[in-house]
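Structural features, examined
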Amino acid sequence: MIEAVLIVAVIIMTGITGYRVKSLTTSGAAAAFLVGLAVYAGVGAKGLFLLGIFFATSSFWSNYKSAAKRTLEEKLAKGATRDWRQVFANGGMAAVFSILYLFYQDSILLLGFMVSLASANSDTWASEIGSLSKRAPIYIRTFKRVDKGTSGAVSMLGSTAALLGALTIAVVGFLLFKPTPLVLVLVFIFGYLGNVIDTLFGAFYQQVYACRQCGIETEKRFHCGQPTSQIKGILLMDNDMVNFLSGFLAAMLAIALYLILL
Ligand SMILES: [Zn+2]
C-alpha cells in the first residue's frame, strides 16, 4: 500500500516535472498521469519503469540541440511540448494493453505493451535525432531530397536512431520481464517496423497544408495568421493519428506472428 502511494506520487511528480521543463502542456501532463496510472495498475512498477525510459529519453532527445531544430517547427504541426493527443498517440496503446493485462495475465498482452512502447520510442528517436542529420532526408515517394521535418522522409541517422530506439526498449523490457528470447526479437523487429509504418503512412496518407500567404508546406492548420489549405493526405490523418495507428499495427502484427510461431 505504501509502495502504491509512493509510486502514484512519483507519477504525479513526473507529470509536473514534464510540464515545468516544457516537455508537456497541461493537458499533456494530465494524459501522461493517466497513462502512467494505467501502466502501473496493469503491468506494475516494471512496466512503469519501461514507460519512464521512453518518456525520459524522448524528452532528452527533443530538448537536445533544440536551437538547431527551431526552423523545423515551422513545418511541424506542433513543437517539442506534447499535448494530450500526442501523449495518447504515443502511450495510449501501451495503456490499453496494460489495462487488458490487469484482467487477463496473458503474455501476448505484455508483448503488445512492449511493442507499442518500442514503436513509440523508435519513432521519437528517429525524428528527434534524425532531424540533426547534416544532409537533407530522402522522401520515400520520389527518392528526392526534401526539407528536414517532412513526414515520410528518411535519413541514415534517423534510421539508425530508430533501430537503437526499438532495441533499447526490447533489451530493457527483456531484463525487466524475462520473457523468452523470441519476445525480445519480436519487440525489437516490430518496434522498428512501427517506425517504418509511420514513415509509409506519413508519406502516403498524412495531411500536408500550404500557407496561402508565404507558400510554405507545413502540417500546421494556421500560418502567417490565417488558415492554411490542405494539399495532401486523407481525413483525420494528422501526425498524432499516424503515430497511434503505426503503434497499434506494429503491436497487432507482432501478436499475430507470435501466435503463429507458438
Ligand atoms: Zn506562412
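Look above for the structure.
Residues numbered from 1 in each chain as written. Predicted model: local features only at pLDDT ≥ 70, side-chain atom pairs only at ≥ 80, totals over all residues. Heavy atoms only, no water.

Moving on: the overall build of the chain. Check the secondary structure of the chain and you find 7 helices and 8 strands. Since a compact globule built from 262 residues should have a radius of gyration of about 18 Å, the 18 Å found for the chain is in line with a globular shape. Viewed in the frame of its principal axes, the chain has a C-alpha envelope of about 60 × 40 × 35 Å. Burial status across the chain gives 46% buried among its 262 residues. Long-range pairs, those at least 24 residues apart, make up 69% of the contacts in the chain between residues at least 6 apart in sequence. Counting only carbon and sulfur atoms, one obtains 70% of the accessible surface of the chain, whose full area is about 13,300 Å². The chain carries 21 positive and 13 negative side-chain charges, and their two centres are separated by 6 Å. (Helix = DSSP H or I, 4+ residues; strand = E, 2+ residues; numbered from the N terminus. Rg over C-alpha atoms; globule rule 2.2 N^0.38 Å. Buried < 20%, exposed > 50% of the residue type's maximum accessible area, 1.4 Å probe, protein only. Contact = heavy atoms within 4.5 Å. Areas by Shrake-Rupley, 256 points an atom, 1.4 Å probe, with all protein chains shown as cover. Lys, Arg positive; Asp, Glu negative; His and termini not counted. Charge placed at Lys NZ, Arg CZ, Asp CG, Glu CD.)

This brings us to the pattern of salt bridges. Summed over the entire model, instances satisfying the criterion amount to 4 salt bridges. With a closest N to O distance of 3.2 Å, Lys69 and Glu128 form a salt bridge. Separated by 59 residues along the polypeptide, Lys69 in the loop between helix H2 (26–63) and helix H3 (84–103) and Glu128 in helix H4 (residues 107–130) bring together distant segments of the chain. Across this residue pair, the class does not change: Lys69 and Glu128 are buried. The network of salt bridges with shared partners includes Lys69, Arg82 and Glu128. (Salt bridge = Lys/Arg side-chain N within 4 Å of Asp/Glu carboxyl O.)

Across the sheet, 3 strands lie side by side as E2-E1-E3; this open sheet has antiparallel pairing. Two strands in the sheet have a free side with no partner beyond their single neighbour: strand E2 (144–145) and strand E3 (153–154). (Pairing = 2+ DSSP bridges.)

Only Cys211 (SG), Cys214 (SG), His223 (ND1) and Cys224 (SG) from the protein reach the zinc ion as donors, at distances of 2.0 to 2.3 Å. Metal-centred angles of 106 to 114° between the 4 donor atoms at the zinc ion mark the site as tetrahedral. Of note, the zinc ion draws all its donor residues from one chain, in the sequence arrangement C-x2-C-x8-H-C. With Cys211 in the loop between strand E4 (208–210) and strand E5 (217–218) and Cys224 in the loop between strand E6 (222–223) and strand E7 (226–227), this pair connects stretches of sequence that are 13 residues apart. (Donors = N, O, S within 2.8 Å, 3.2 Å for Na, K, Ca; no water. Tetrahedral: all angles 85-135°; square planar, octahedral: opposite > 155°, others 65-115°.)

This next bit is on the nonpolar core. Ranked by size, the top nonpolar core spans 46 residues in total, and within it Leu50, Leu111, Phe113 and Val187 carry the most contacts. Val187 has contacts with Leu111, Met114, Val115, Ala118, Ile169 and Ala170, leaving out every residue within four places of it along the chain. (Core = buried A, V, L, I, M, F, W, Y, C linked by side-chain atoms within 4.5 Å.)

Taken as a whole, the second largest pocket encloses approximately 530 Å³ of empty space. Along its surface, the second largest pocket is lined by 29 residues, and Thr14, Ala32, Leu51, Gly52 and Phe55 are the ones closest to its centre. Among the elements of the structure, helix H1 (2–20), H2 and H3 are those that each provide at least two residues to the lining of the second largest pocket. Here the lining of the second largest pocket takes 15 residues from H2, the largest share from any one element. Broken down by class, the residue content of the lining of the second largest pocket amounts to 16 nonpolar, 12 polar and 1 charged. (1 Å grid on protein atoms, 1.4 Å probe; cavity = no way out; pocket = protein on both sides within 12 Å on 5 of 7 lines; lining within 4 Å. Points joined across faces, edges and corners; volume = space filled by probe spheres on them. Nonpolar A, V, L, I, M, F, W, Y, C, P; charged D, E, K, R; others polar.)

Moving on to the sheet that holds E5. Whenever strands of a sheet pair, they do so through backbone hydrogen bonds, lying parallel or antiparallel. The strand order E5-E4-E8 describes an open sheet built from 3 strands, whose pairing is antiparallel. Strands at the two margins of the open sheet, each flanked by one partner only, are E5 and strand E8 (229–232). Summarising the sheet, E4 and E8 pair through 3 bridges and their orientation is antiparallel. The partner of Tyr209 across the bridge, within E8, is Gln230.

Quick look at the packing of H4 against helix H7 (residues 239–261) now. Two elements in contact, H4 and H7, have axes whose closest approach is 8 Å; the angle formed by their N-to-C orientations is 140°. Taken as axis vectors, H4 and H7 run oblique relative to one another. The handedness of the crossing between H4 and H7 is right-handed. Here H4 contributes Ser107, Ile108, Leu111, Gly112, Val115, Ser116, Ser119 and Asp123 to the contact with H7, which in turn contributes Asn243, Ser246, Gly247, Ala250, Ala251, Ala254, Ile255, Tyr258 and Leu259. (Axes fitted to C-alpha atoms, helices over the stretch in contact; angles between N-to-C directions. Parallel < 35°, antiparallel > 145°, perpendicular 65-115°, else oblique. Left-handed = near helix turned anticlockwise from the far one by under 90°.)

The residue Lys178 is not glycine, and still its phi comes out positive at about 45°. Accessibility expressed as a relative area gives 65% for Lys178, which makes it exposed.

Let's shift gears to the environment of Gln105. Topologically, Gln105 is positioned in the loop between H3 and H4. For Gln105, the side chain forms a polar contact with the main-chain oxygen of Tyr101, separated by 2.8 Å. (Polar contact = N/O pair within 3.5 Å; in protein donor to acceptor, adjacent residues only side chain to side chain.)

For the rest of this paragraph, the subject is the side chain of Asp198. Assignment of secondary structure puts Asp198 in helix H6 (residues 181–204). Summary of buried charges: Asp198 has no salt-bridge partner, and the nearest side chain of opposite charge, Arg82, is 11 Å away. Contacts of Asp198, omitting those with residues within four sequence positions, involve Asp123, Val242, Asn243 and Ser246.

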